[in-house]
Amino acid sequence: MKKAYIKHMAYYLPERIMTNDDIVKVFSEKAVEKISENVGIKQRHLTAPGETASDMALKAANNLFEESGFDRGAIDFVVLCTQCADYFMPSTACVLQNRLGLRKDIGAFDIDLGCSGYVYGLAIAKGLILGGLATNVLLLTADNVTRYLHPQDKGNQTLFGDAATATIVSTEGSAEIMDFVLGTDGAGANNLIVKSGASRMPERQNDLTFDKNGSPVSSDHMYMNGAQIFVFTQRIVPKLVKDVLAKNNLNQEDIDLFVFHQANRFMLDFLRKKLGVPEDRFCIYLENVGNTASNTIPISLIEAKKENRVKGKVMLCGFGVGYSWAGVVLNVE
Amino acid sequence: MELNDFISKFANLFEETDPATITADTVYSQLEEWDSVMVLLLVSMVDEEYGVIVDVEEMSETETVKDLFEYVKSLR
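This one's a predicted model, so the numbers in the text were calculated from it and none came from an experiment.

Novice: Would you mind going over the overall build of chain B with me for this structure?
Specialist: Secondary structure summary: chain B contains four helices and zero strands in total. If you list the helices and strands of chain B from N to C, you get α-α-α-α. On C-alpha atoms alone, chain B measures out to a radius of gyration of 11 Å, which is about the 11 Å that the 2.2 N^0.38 rule sets for 76 residues. Overall, the C-alpha framework of chain B stretches about 30 × 25 × 20 Å when taken along its three principal axes. Among the 76 residues that make up chain B, the fraction classed as buried is 51%. Considering only intrachain contacts with a sequence separation of at least 6, the fraction spanning at least 24 residues in chain B is 57%. Of the roughly 3900 Å² that chain B leaves accessible, carbon and sulfur atoms contribute 42%.

Take a look at the structure:
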C-alpha cells in the first residue's frame, strides 16, 4: 500500500505589521486591551494595498523551493486553499502554476475552505498520491481575510492576520499522513460569512448595523458571530479528537503534540483544559501572527518543529467557517 | 444549582463592574462592560461550572440575570 508524507514546509508573512498600539490609536484603549488579552495576540501581518493572497502564496512557495532545494520541476500537482481568490474565474491555482514556472502537464485547482482547509488539503493531496495521480503535490494555503473586515470591527481587527504557506506532500518524507476524519454542517454558514459580492447577493448592500454587543454587522464585510462559533467548537472539537483517535487506533496519551487551528488563545486554552491535554503537548502560536485562517496549522507546525516539538504522533485539527472541520494524525520519524 | 451562587459566578466575570451592583434583576446586556468578549466568558463559565453548552440564540433572549439563571437551569 502506498503512503503519503509531508516532505517540506515553508511560510510567508507580509511585511506590514499592525501592533496592538496601532489598533489602540483607532479604538479605545480599554476595549483593545481586553480583547488582545483574551485572544493572546500582540501583532499581526497585513498585506499591502494591491498585494493578494496569491502574491503571498507565490512567495511562500518560492521560500520553500529555496530553503529545501527541492526541484520545482518535480511538482506534478498544485492545490491552493484560499477564500481570497484573485478572480471569480479562473482558479487561482492555474494562475500560480504559470507564475511559479511549474510544468504544464500537471493538475491545478483551488479549494475554497478556511480554518479547516489545510487538513482538507492534506486529505486531497494524500488521495491524489494514493490514487496514482501525483507524486509530489504542492499544497498552498493563502488568505488575507483582513481585507473583508469592517474598519470599525475592533474584535476581528484584533484577531486576524494575513499569511501564506507551502507544503510538499510526497511519496516519501519524514511525516507520514495517517487517517482522516472530515465533517460539515452548513447550517452554521451564516455565523461566519461575507455575504455580498458573489452570486447570491451580487450588489453591495450598505446595510451596516451594530449588534447587542456593539460589533458591526454588514453584508459587505466579514461577519462572525463569535459566541456561536465558540459554542460550535465546544460541541465539535472534543468529538473530532475522539473520532480521529479511534480512526487511527490511538489513545489520547499516544499523541505527542496537538496542533489545532489557532483561532484565539481563549478558545484554545478552553479546549485544551476541556480535553485534559497538558500544556507541553499543545501548540499555541498566535502572539506575533494572529489568526491567519487556513495558515495557522502549517505555521504552528513549522514553528513547533524549530523548537524540536514535532515528533512521534502529531494530531492536526482544523475547524471553523462552513461549518467545516477535519482532523488527522501525522506519524513523525 | 442555586441563584445566589450563579449571580456571584456571573458577577466574577466582570473586571470593572462592582459585583455588588449585580443582582437577580440586573438587565445584564445594559451593563457598560457587557460586550462580545463577555458572551464568550459567560458561555465558557456555564460549561465549566454547570457542564452544559448553551444555545446562543436562546440565551440572547434572556434579559435579567435571573432569566439567565433559569435558562441555564433548564438545560441541566
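That shown, we press on.
Novice: Is there a simple way to think about the interface of chain B and chain A in this case?
Specialist: Often the size quoted for an interface is simply the accessible area lost on bringing the parts together. Counting residues at the interface gives 22 residues for chain B and 18 residues for chain A. A buried area of about 1800 Å², summed over both sides, lies between chain B and chain A, and 59% of it is on carbon and sulfur atoms. The largest contributions to the chain B side of the interface with chain A come from Leu40, Ile53 and Val56 of chain B, which together make up 29% of the buried area. For the pair chain B and chain A, the number of links is one salt bridge. For the side of chain B that touches chain A, the secondary-structure elements that each account for two or more residues are helix 2 (36-50) and helix 3 (56-59) of chain B. Ranked by residues supplied to the side of chain B that touches chain A, first place goes to helix 2 of chain B with 10 residues. When its residues are assigned to classes, the side of chain B that touches chain A shows 10 nonpolar, five polar and seven charged.

Novice: Explain the environment of Lys239 of chain A to me, please; I cannot follow it from the model alone.
Specialist: Considering the arrangement of structural elements, one finds Lys239 of chain A in helix 7 (residues 226-247). Between the C-alpha atom of Lys239 of chain A and that of Ile129 of chain A, which follows or precedes it by 110 residues, the distance is 28 Å.

Novice: Any chance you could explain the pairing of strand 6 (residues 136-143) of chain A here in plain terms?
Specialist: For a regular strand, the rule is simple: side chains alternate between the two faces of the sheet. Residues and elements named next belong to chain A. Across the eight residues that make up strand 6, a large majority, eight, are buried. The two faces of strand 6 match: Asn136, Leu138, Leu140 and Ala142 on one face and Val137, Leu139, Thr141 and Asp143 on the other face are all buried. Pairing of strand 4 (residues 77-81) with strand 6 involves five bridges; the strand directions are parallel. Residue pairing in the sheet places Phe77 in a bridge with Val137 of strand 6. Across eight bridges, strand 6 lies against strand 7 (residues 163-170) in antiparallel orientation. Bridge pairing links Leu140 to Ala166 in strand 7.

Conventions we followed
Going along each chain's sequence as written, the residues are numbered from 1 onward. Here the convention is simple: chains get letters from A, ligands get numbers from 1, in the order in which they are written. Side-chain atom pairs in this predicted model are given and counted only at pLDDT of 80 or more, local residue features only at pLDDT of at least 70, and totals for whole chains, interfaces and linings cover all residues. Note that water and hydrogens are dropped before the side-chain values are worked out from all heavy atoms of the structure. Each helix is a run of H or I in the DSSP string that is no shorter than four residues. Each strand is a run of E no shorter than two, and both are numbered from the N terminus. Radius of gyration: over C-alpha atoms. The globule rule applied is 2.2 Å multiplied by the number of residues raised to the 0.38 power. Burial classes follow relative accessibility: with a 1.4 Å probe on protein chains only, a residue under 20% of its type's maximum area counts as buried, one over 50% as exposed, and anything between as partly exposed. Throughout, a residue-residue contact means that at least one pair of heavy atoms, one from each residue, lies within 4.5 Å. With residues, only the protein chains shown are counted as cover, and all accessible areas are computed by Shrake-Rupley using a 1.4 Å probe. A quick way to say it: buried area is the sum, across both parts, of accessible area lost when two parts are put together, with a 1.4 Å probe. By definition, a salt bridge exists where a carboxyl oxygen of Asp or Glu is found within 4 Å of a side-chain nitrogen of Lys or Arg. Under the scheme applied here, ten amino acids are nonpolar (Ala, Val, Leu, Ile, Met, Phe, Trp, Tyr, Cys and Pro), four are charged (Asp, Glu, Lys and Arg), and all others, including Gly, are polar. A pair of strands is treated as paired once DSSP finds two or more bridges between them.

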